[in-house]
Amino acid sequence: MRIRKCILTVLFLPLVAGCHKVSHVSEEVVVNLRQKGTDISSSMYGVFFEEINHAGDGGLYAELVQNRSFEEDEIPEGYRIEGTKLIPLAKPYHLTGEIRERSFEWYGGKIRGWNLKTGDLSEASMRLTKERPMYPTAPNNLELFIQKTTGAVQLVNEGYWGMGIRQNERYHLRTIVRVDPGYKGTLTAKLLSEKGDILARALLPCIPDGEWHDMTLVLTSVATDCKSSLAIEFDAPGKVWLDYVSLFPENTFKKRQNGLRKDVAEMVAGLQPAFFRWPGGCVVEGITLNNRFEWKKTLGDPAARPGEYSTWGYHCSYGFGYYEMLQFCEDIGAKAMYVCNVGLSCQFRMGEASEKSDISYYIDDCLDAIEYALGDTLTEWGARRAADGHPAPFPLQYIEIGNENWGDEYDRRFDMFYQAIKQKYPQLTLIYNEMPERNGPMGITKTDMVDPHYYVAPEFFFRNTDLFDHYERGKHTVYVGEYSCNRGVGGGNMWAALSEAAFIGGMERNGDLVKMASYAPLLENRNNRKWPTNLIWFDSEQVVGRGSYYVQKMAVENRPTYNVANDKVLRATDTASYVPGHIGFGSWATAV
Ligand code: AHR
């Protein structure tokens, strides 16, 4: 039964010189609501999170202090610095045996995030040391040597391009301090506006016994300034060591401790994601394996977390760790997707492969991550989850086995992971990376889903709305884990967003096959764009969704439950004439 007709008129202009006619062609789209097509999965729209563009530190994660643990100048083992470049450990690329020449951004020179302000007549210096660490897992601490004071010496942290401090908000400061018995002064914490006005002030307990003391206090700001900073003041000669200086707004998303920045988290939650992919992205793999993202090191007291140099050119704190991610999933009603490392480092970087005898280590590491989320509290990692504050299981549903890996070695490892995980957790959905670089059929026995990625120009999406119409059915379903129009569109524009909308239409039409999709990357701190085009932009003051964000939002808010049959009929309706002419160009002297 024809219920609704949609008439679109298209004008075809014949390009043959001298032609006098144009045809008006009506395109009738006939929708048959009674002929039900494929369902569109309720898990269709989710998000992809990675520590890139300061998405976590200085972004979603609410910590205001940059380099709070003084670990940011730590380089991965075996790497070296050459000027402003970080040179990785020489490891052969496992597909070819070559040692690739790669270098990464290094920001060394001074202690990242921290400045010492002495005024004209005071004298003080600071240095990093690993002497008597409070936590051996995060061994660096800052030694301050105050030689002479006339006024106060200030140790200042400006956060991530300024701290977003708001009037009447409460901020929780935590410091781990060791004061030498020779220091006879006080310790004061201050929030300062960009101009230097005092927004909040409090004395820290000063116990000059040469031992570490872990202390907290609350600072309430008298005004708003999104370019604020935190200062710790010293007013006497002597030595003081700091292991950790952390400042959190009390008002985090859902008031979680070690929580998320409310406005950024709300923006993500606004997408009502059915799933949340974490931790990446290339950070999963690392430049070399010793630089991969390690979930176990993200658990527990944030002061004891070492962090890691992100493949995207800065050190991340591991503050938004596995527990925090799982908690966020629960808070926003999303299923968690954990991406594990299969013992291969990023194949666009060094492409190291672990020894074959170590593959079982990586499989166990992944099984432990699953047990942490799902295991009962009598299991080793389920007990750890309970000890971390969450006895009930978390909503983990998807495991992506490797990120952007390909080749025979990946396929072999995939089979091993698939078998080991399925055997223990048959309810989980396991995902294989479908990379064009694979060059040939997949060499695996079985997968539940494949994950192809598309970073393309608008024309690609417009031309390929039927891409999945031609995809093989029956073997597995598809998760488009990373896609965005990011070629030739700058930071993103309306044309790019429209092309994504067109592509989404194609995914929905193929809902029997494409069950999930996530735009990537999700977040960008406007002061640190590491990837050309990202969905949500923010700085210390505000957060903004680009056009593409609203495409995602519209898709999720209007997700159809099923497709209906439709047909397109083209019909020539009338003709018209136009005035013919010529196009030409000419030249005279030096002008054309
Ligand atoms: O989304 C940015 C990067 O693109 C991801 O880290 C990686 O998986 C892909 O190459």
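Residues numbered from 1 in each chain as written. Predicted model: local features only at pLDDT ≥ 70, side-chain atom pairs only at ≥ 80, totals over all residues. Heavy atoms only, no water.

Here the focus is the state of the cysteines. Under the defined criterion, the tally for this structure stands at 0 disulfides. Cysteine 340 provides the cysteine sulfur closest to cysteine 366, a residue in no disulfide bond, and the two sulfurs are 3.7 Å apart. Overall, cysteine 366 belongs to the buried group, its relative accessible area being 1%. (Disulfide = S-S within 2.5 Å. Buried < 20%, exposed > 50% of the residue type's maximum accessible area, 1.4 Å probe, protein only.)

Another point: the pairing of strand β21 (residues 335-340). Remember that side chains alternate between the two faces of the sheet whenever the strand is regular. Most of β21 sits inside the fold, with 5 of its 6 residues counted as buried. Note: strand β18 (residues 275-278) against β21, 4 bridges, orientation parallel. Note that in β21 the partner of tryptophan 278 across the bridge is tyrosine 338. Taken together, the 5 bridges between β21 and strand β22 (residues 396-401) define a ladder with parallel strand orientation. Paired with tyrosine 338 across the bridge in β22 is isoleucine 399. (Helix = DSSP H or I, 4+ residues; strand = E, 2+ residues; numbered from the N terminus. Pairing = 2+ DSSP bridges.)

Throughout the structure, instances matching the rule amount to 41 aromatic pairs. Where tyrosine 454 meets phenylalanine 503, the ring centres are 5.5 Å apart and the plane angle is 65°; that geometry is what we call edge-to-face. Taken together, the residues span a long stretch of sequence, with tyrosine 454 in strand β24 (residues 449-456) and phenylalanine 503 in helix α8 (residues 494-509) at a distance of 49 residues. With a relative accessible area of 12%, tyrosine 454 lands in the buried category. Judged by centre distance (4.9 Å) and plane angle (75°), the rings of tyrosine 549 and tyrosine 550 are edge-to-face. Among the aromatic side chains, those forming a connected cluster through ring pairs are Trp278, Phe293, Trp295, Tyr318, Tyr322, Tyr338, Tyr372 and Trp381. A cation sits over an aromatic face here: arginine 100 above tyrosine 93, 3.7 Å from the ring centre. Here the basic side chain of arginine 349 rests over the ring of tryptophan 312, its NZ or CZ set 4.6 Å away from the ring centre. (Phe/Tyr/Trp six-rings, centres within 6.5 Å; stacked < 30°, edge-to-face > 60°. Lys NZ or Arg CZ within 6 Å of the ring centre and 35° of its normal.)

On to the sheet that holds strand β28 (residues 536-538), then. What the 3 strands build is an open sheet, ordered β27-β28-β29; its pairing is mixed. In the strand order of this sheet, the two ends are held by β27 (523-525) and β29 (543-545), each with one partner. In this sheet, adjacent strand axes meet at a mean angle of 20° when their direction is disregarded. Packing of helix α2 (residues 262-269) onto the sheet brings it into contact with β27, β28 and β29, and relative to β29 it is tilted by some 15°. (Axes fitted to C-alpha atoms, helices over the stretch in contact; angles between N-to-C directions. Contact = heavy atoms within 4.5 Å.)

What follows concerns the confidence of the model for the chain. Looking at the chain, the pLDDT average stands at 93 and 93% of residues meet or exceed 70. Here residues 1-19 scores under 50 on pLDDT; set against residues more than four positions off or in separate chains, the count is 39 contacts. (pLDDT = per-residue confidence, 0-100.)

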